[in-house]
Amino acid sequence: MNAPAVALEVRNIARNFGGVVALRDVTFSVREGEVIGLIGPNGAGKSTLFEIVSGNIRPSGGRVAYFGRDCTTMASHLRRRAGMCRTFQKVRLFESMTVRQNISVAASQCLPKGRDLGEEVNNILAQMRLEHQAERRPSELTLADRKRVEIGRAIAGHCRLLMLDESLSGLTHDEAEHLIDEIMQLNRARGITVIVVERVLSVLAAMVQRLVVLHNATVIADGTPSEVAHDPVVIEAYLGTKQKALR
Amino acid sequence: MEAALPESARGGVAKPSSEADARRRRAFIYGLIAFLLVASLPFLPVNNYIIAAVVRALIFISLGQAWNVVAGIGGLLSLGHGVFLGIGCYTTGILFNQYGIPPWLGVWVGAVLSLLVALVMGSMTLRMRGVFFALATVAASLAMVQISRHFVDLTGGADGLALKFFGNSWWAAQSRTPAPFLYASLAFVTLYYWITRWILNSKLGLEMQAVRDDEVAAAAAGVAVFRTKMLGLLVSAAMTALAAGLYMQFYMAIDPEAAFGLSQAIQLQLPALIGGLGTAWGPIIGGAVMIFLSEVTNWGGTKIGVSGVDILVYGLMLLVVVLYAPKGIVGSVLRNAMKGADR
């Protein structure tokens, strides 16, 4: 059986802001259908890496490839249309629009020819359990629903790689569990590759197959959650103690 | 060509309901009554001064509707829309006076020139954000004031350009009475209302509103931000230049300050700002209120020997709207009455 294709390849990425090194020599890859976590403390470079991969920031060096195609200089809206989707650390919705319109914007840009736009929007609303909120504006929703809308907008139309930027933060334990279920459902049902950025390992351990750990602007570990949790470099640099890591 | 979105993707402004349908019907009926009332003015016992005041209101409404497309729907605070007004006026006037080309054709040349200027302006400014874009458009306006002053042979310099008068003439689109302009300006307002409605319900409108709300999120949703802004600017520029042709025929003269000046640019924005940015009814209601109040206060001012009260009234109206009704009359005062209706 053929191994799954490489969905995302980040190779030797570097980024400086003036004299500040935000990222240096960051390399990792994600296979199609994988769910991986990207963790690191504040200032590790997670957000900068996210912005580079999604096309909002150009790297100072290195390259980003999406399903084998170099997209280092590709505009962010073209990456989205190609199926590279993202959410934001602080939820960013179109506040003047209804939930339905928020999803319609993305679906109308990214839907492959021949598929029905209205049907796709209704499917996304159903999948994200937002049917009853469809005509509401984002300001009328709870944080969990706002995050759900953002994920719905991210996957609408065409999505092969979903990048979630701290989508679980700020949620209650139950809300986070529900959202994790929905994300895993997207991964299974739609075959979407998922990259989840979080600060806390325990949130991700049960969810992801692999973890990439960033520290001081570079990758210090890449492996299964168990491998990472027992990696002395990670324990030393990020987690503090083994007990704390496994808690 | 931007397609209209299917209803299931677009959704309404609010949940479709019989109440919303009733409001929608009511808004349509009020609009129809206002339309018929204005159209019947020449047959009612009102003098030409009143009709001319209504024409002035309608012309400013149509210019406000054009600005509303780029600023209200697209969120681009253009303070330089006088550029397109001026190009429309001067092109129509110069082609008529110097080459005998009737305004019916001249106005289209003005629109094409405006599109070209908007393309150049947009290429240079649309990647700027917020206040920088606004300042760049002011700079473009000020440059146009100087350019129009410089080419005296063409534009009449600082004295301005006056159209040769042919009396009542279809060919020259001129009339001794304001009634024909009433119908022309009413047609413009009606057409621009439908264009605004169409944009609001189209894919382009959704993209423009997304960019207005959050550029980064819009790009992350697949919207081509620069292209969307450019399309909004081009549509608005062409609408402004076409309405400018009517402005020129009605006022019969233009000068650099009246065309490209900052006070004119601000006046173009008032109907939409007062009525409600990004709505189809906003500029219509705002423009009507604005001209009505300025005419009444001007009339009162004349009685007590004070001139220029209208400028003061515009300033006060803007202040009141900014402080107490930032979403304009439609968005704040009439919000509940028009909920669910096509605003």
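These figures come from a predicted structure and were not determined experimentally. (Residues numbered from 1 in each chain as written. Chains lettered and ligands numbered in written order. Predicted model: local features only at pLDDT ≥ 70, side-chain atom pairs only at ≥ 80, totals over all residues.)

Participant: So what exactly am I meant to see when it comes to the overall build of chain A here?
Facilitator: Along its length, chain A carries 10 helices and 10 strands. On the principal axes, the C-alpha backbone points of chain A span a range of 50 × 45 × 40 Å. By residue count, 48% of the 247 residues in chain A fall in the buried class. Counting contacts in chain A only where the partners sit at least 6 residues apart, residues at least 24 apart contribute 63% of the total. (Helix = DSSP H or I, 4+ residues; strand = E, 2+ residues; numbered from the N terminus. Buried ≥ 20, exposed ≤ 12 C-beta atoms within 10 Å, placed from the backbone. Contact = placed C-beta atoms within 7 Å.)

Participant: Would you mind going over the sheet that holds strand β9 (residues 210–215) of chain A with me for this structure?
Facilitator: Strands belonging to one sheet form pairs held by backbone hydrogen bonds; the direction of such a pair is parallel or antiparallel. Residue and element names in this part refer to chain A. Spatially, the six strands line up as an open sheet ordered β6-β7-β8-β3-β9-β10, and their pairing is mixed. Looking along the sheet, the strands with just one partner apiece sit at the ends: β6 (84–86) and β10 (218–223). Put simply, the sheet's adjacent strands are angled 20° from each other on average, direction ignored. Looking at chain direction, β6 and strand β7 (residues 161–165) are connected through three bridges and run parallel. By the bridge assignment, methionine 84 is partnered in β7 with leucine 161. Taken strand by strand, helix α1 (residues 46–54) contacts β3 (35–39), β6, β7, β8 (193–198) and β9, and its axis lies near 150° from that of β7. (Pairing = 2+ DSSP bridges. Axes fitted to C-alpha atoms, helices over the stretch in contact; angles between N-to-C directions.)

Participant: Got a minute to help me understand the sheet that holds strand β5 (residues 69–70) of chain A in this structure?
Facilitator: All names here are of chain A. The strand order across the open sheet formed by four strands is β2-β1-β4-β5, and the pairing between neighbours is antiparallel. The open sheet is flanked by β2 (20–31) and β5, the only strands paired with a single partner. Pairing analysis gives five bridges linking strand β1 (residues 6–17) to strand β4 (residues 61–66), with the strands arranged antiparallel. Considered in β4, the bridge of arginine 11 is made with arginine 63. Packing against the sheet, α1 makes contact with β1, β2 and β4, and its axis sits at approximately 120° to β1.

Participant: Quick question: what am I supposed to make of the environment of arginine 127 of chain B here?
Facilitator: Considering the arrangement of structural elements, one finds arginine 127 of chain B in the loop between α5 (103–125) and α6 (131–150). Considered as a pair, arginine 127 of chain B and valine 225 of chain B are 98 residues apart in the sequence and their alpha carbons are 9.2 Å apart.

Participant: Hey, could you run me through the domain arrangement of chain A in this one?
Facilitator: By a frequent convention, interface size equals the accessible area lost on bringing the separate parts together. Residues and elements named next belong to chain A. Once the domains are mapped, chain A shows domain 1 (6–83 + 160–246) and domain 2 (97–158). Summarising the inter-unit geometry, the C-alpha centres of domain 1 and domain 2 are found 24 Å apart. Contacts between the two partners involve 12 residues from domain 1, matched on the other side by 10 residues from domain 2. Among the secondary structure elements, those contributing two or more residues to the side of domain 1 that touches domain 2 are α2 (76–81) and α6 (173–190). A total of four residues in the side of domain 1 that touches domain 2 trace back to one element, the largest contributor, which is α6. (Domains from an automatic or database assignment.)

Participant: I keep staring at the interface of chain A and chain B and nothing clicks. Help me out?
Facilitator: Contact with chain A, which involves 30 residues of that partner, is made by 25 residues of chain B. At the level of elements, α2, α3 (99–110) and α4 (117–127) of chain A are the ones that each hand at least two residues to the side of chain A that touches chain B. Examining the composition of the side of chain A that touches chain B, we find that nine residues originate from one element, α3 of chain A, more than from any other. Broken down by class, the residue content of the side of chain A that touches chain B amounts to 10 nonpolar, 12 polar and eight charged. (Nonpolar A, V, L, I, M, F, W, Y, C, P; charged D, E, K, R; others polar.)

Participant: Is there a simple way to think about the nonpolar core in this case?
Facilitator: Nonpolar side chains tend to gather and get buried jointly when the protein is soluble and globular. Ile155 and Leu162 of chain A together with Ala243 of chain B are the most contacted members of the largest nonpolar core, which has 160 residues in total. Two domains each provide a minimum of three residues to this core, namely domain 1 (6–83 + 160–246) and domain 2 (97–158) of chain A. Excluding residues that lie within four positions of it along the chain, alanine 243 of chain B makes contacts with Ile59, Ser62, Leu63, Ala66 and Phe188 of chain B. (Core = buried A, V, L, I, M, F, W, Y, C linked by C-beta atoms within 7 Å.)

Participant: Help me understand unusual backbone geometry, please; the structure alone is not making it clear to me.
Facilitator: What you tend to see is this: most non-glycine residues have negative phi, and most peptide bonds are trans. The backbone of asparagine 12 of chain A shows a phi angle near 50°, a positive value even though the residue is not glycine. Structurally, the position occupied by asparagine 12 of chain A is in strand β1. Owing to 13 C-beta atoms within 10 Å, asparagine 12 of chain A belongs among the partly exposed residues under this scheme. For alanine 173 of chain B, which is not glycine, the phi torsion reads 50° and is therefore positive. Here alanine 173 of chain B shows up in the loop between β1 (161–162) and α8 (179–200).

Participant: Mind showing me how you'd approach the pairing of β8 of chain A here?
Facilitator: Consecutive side chains along a regular strand alternate between the two faces of the sheet. Residue and element names in this part refer to chain A. For β8, a buried count of six out of six residues is recorded, marking the element as mostly surrounded by other parts of the structure. With burial as the criterion, each face of β8 is covered, one bearing Thr193, Ile195 and Val197 and the other bearing Val194, Val196 and Glu198. Sheet topology note: the β3/β8 ladder contains five bridges and is parallel. Among the inter-strand pairings, leucine 38 is bridged to a residue of β8, identified as valine 197. At this point the chain moves from β7, through α6, to the parallel β8, and the crossover so formed is right-handed. (Right-handed = clockwise from strand over helix to strand, strands pointing away.)

Participant: Is there a simple way to explain α6 of chain A in this structure?
Facilitator: In an α-helix, one turn spans 3.6 residues; hence positions three or four apart end up facing the same way. Between the first and last C-alpha of α6 of chain A there are 25 Å, a value that for 18 residues agrees with the 26 Å anticipated at 1.5 Å per step. Glycine 191 of chain A sits one or two positions beyond α6 of chain A and adopts a positive phi of about 70°. (Expected span 1.5 Å × (residues − 1).)

Participant: Please clarify how the packing of helix α4 (residues 82–99) of chain B against α6 of chain B should be interpreted in this entry.
Facilitator: A packed helix pair is summarised by two numbers, namely the angle formed by the two axes and the spacing between the axes. Residues and elements named next belong to chain B. Contact geometry for α4 and α6: axes closest at 9 Å, N-to-C directions at 30°. What the angle tells us is that α4 and α6 run roughly parallel. Residues Gly82, Val83, Gly86 and Tyr90 of α4 lie in contact with α6, whose contacting residues are Ala140, Ser141, Met144 and Ser148. Class assignment for the residues of the contact of α4 with α6 results in four nonpolar, four polar and no charged. (Parallel < 35°, antiparallel > 145°, perpendicular 65-115°, else oblique.)

Participant: Please explain the confidence of the model for chain A as it appears in this structure.
Facilitator: Regions with low pLDDT carry predicted coordinates that are not meant to be interpreted in detail. Residues of chain A with pLDDT of at least 70 account for 96%, and the chain-wide mean is 89. Note on residues 242–247 of chain A: pLDDT under 50 across the span, and nine contacts to partners over four residues away in sequence or across chains. (pLDDT = per-residue confidence, 0-100.)

Participant: Would you explain the pairing of β10 of chain A in this entry?
Facilitator: Residue and element names in this part refer to chain A. Sheet analysis places β9 next to β10, joined by five bridges and oriented antiparallel. Looking at β10, one finds that leucine 211 is bridged to glycine 223. Two successive antiparallel strands, β9 and β10, enclose a turn made up of two residues, where asparagine 216 displays a positive phi of approximately 45°.

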